[in-house]
Amino acid sequence: ESQAAETFRQFVMMIGPERVRSLGMTQCKVPLISNTLDKKYKRAQKPVGNGWYLMTNSNTQTKKRDIENIARKLNIKVMVDIV
């Protein structure tokens with residue numbers, strides 16, 4: 001599992017998958033946060049608690065952008081650096 005995917009997962013778990021889910025974001029036409037595993041992408045869906053899964057099928061740059069977008073929409077101050 002990539003460091004970026006794990007960072008994204010930790011971020012979502014910290015602010016709550018339900019809050020992220022409420023934003024209605026998608027990745028590869030699959031909800032970013034879902035309570036069902038997609039047939040095609042289930043290997044890229046990581047558990048984030050309470051039966052929710054985070055879609056991580058994107059590159060590091062996209063994950064960074066997604067974290068920043070989520071933070072902006074939910075008024076959370078965050079700084080994301082790619083190292």
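Conventions adopted
Residues take numbers from 1 onward in each chain, read along the sequence in its written order. pLDDT decides what is reported in this predicted model: residues at 70 or higher carry local features, side-chain atom pairs at 80 or more are listed and counted, and totals for whole chains, interfaces and linings draw on all residues regardless. For side-chain calculations, the full set of non-hydrogen atoms in the structure is used, while hydrogens and water are omitted. A strand pair is defined by DSSP finding two or more bridges across the two strands. Per the convention used, a helix needs a DSSP run of H or I reaching at least four residues, while a strand needs a run of E reaching at least two, with both numbered from the N terminus. In these notes, a set of buried Ala, Val, Leu, Ile, Met, Phe, Trp, Tyr and Cys residues joined through side-chain atoms within 4.5 Å is what counts as a nonpolar core. The classification of residues rests on relative accessible area computed with a 1.4 Å probe and restricted to protein chains. Under 20% of the type maximum is buried, over 50% is exposed, and intermediate values are partly exposed. What makes two residues a contact is simply this: any of their non-hydrogen atoms within 4.5 Å. Buried and open spaces are told apart on a 1 Å grid over the protein atoms alone, a cavity being a set of points where a 1.4 Å probe fits but cannot get out and a pocket being an open set with protein on both sides within 12 Å along at least five of seven lines. Residues with an atom within 4 Å of a point are the lining residues. Grid points are joined across faces, edges and corners, and a volume is the space filled by probe spheres set on the points. When residues are grouped by polarity, Ala, Val, Leu, Ile, Met, Phe, Trp, Tyr, Cys and Pro land in nonpolar, Asp, Glu, Lys and Arg in charged, and all others, Gly among them, in polar.

A. Main features of the sheet that holds strand β4 (residues 45–49). Reading across from one edge, β3-β5-β4 is the order of the three strands in this open sheet, with antiparallel pairing throughout. The open sheet is flanked by β3 (33–34) and β4, the only strands paired with a single partner. Bridging between β3 and strand β5 (residues 52–55) involves two bridges; their strand directions are antiparallel. Residue pairing across strands places Ile33 opposite Leu54, the latter belonging to β5.

B. Representation of the nonpolar core in the model. Grouped together as the largest cluster of nonpolar side chains are 20 residues, with contacts concentrated most on Phe8, Phe11, Val12, Val20, Leu32, Leu54 and Ile70. Secondary-structure elements contributing two or more residues to this core are α1 (3–15), β5 and α3 (60–73). Per-element tally for this core: the top contributor is α1, with four residues. Setting aside chain neighbours within four positions, we find Ile70 in contact with Phe8, Phe11, Ile15, Val20, Leu23, Met25 and Leu32.

C. Representation of the layout of surface pockets within the structure. Considered as a void within the structure, the largest pocket measures approximately 190 Å³ in volume. Sorting the residues of the lining of the largest pocket by element identifies α1 and α3 as the ones contributing at least two each. A breakdown of the residues in the lining of the largest pocket according to their chemical character gives five nonpolar, three polar and three charged.

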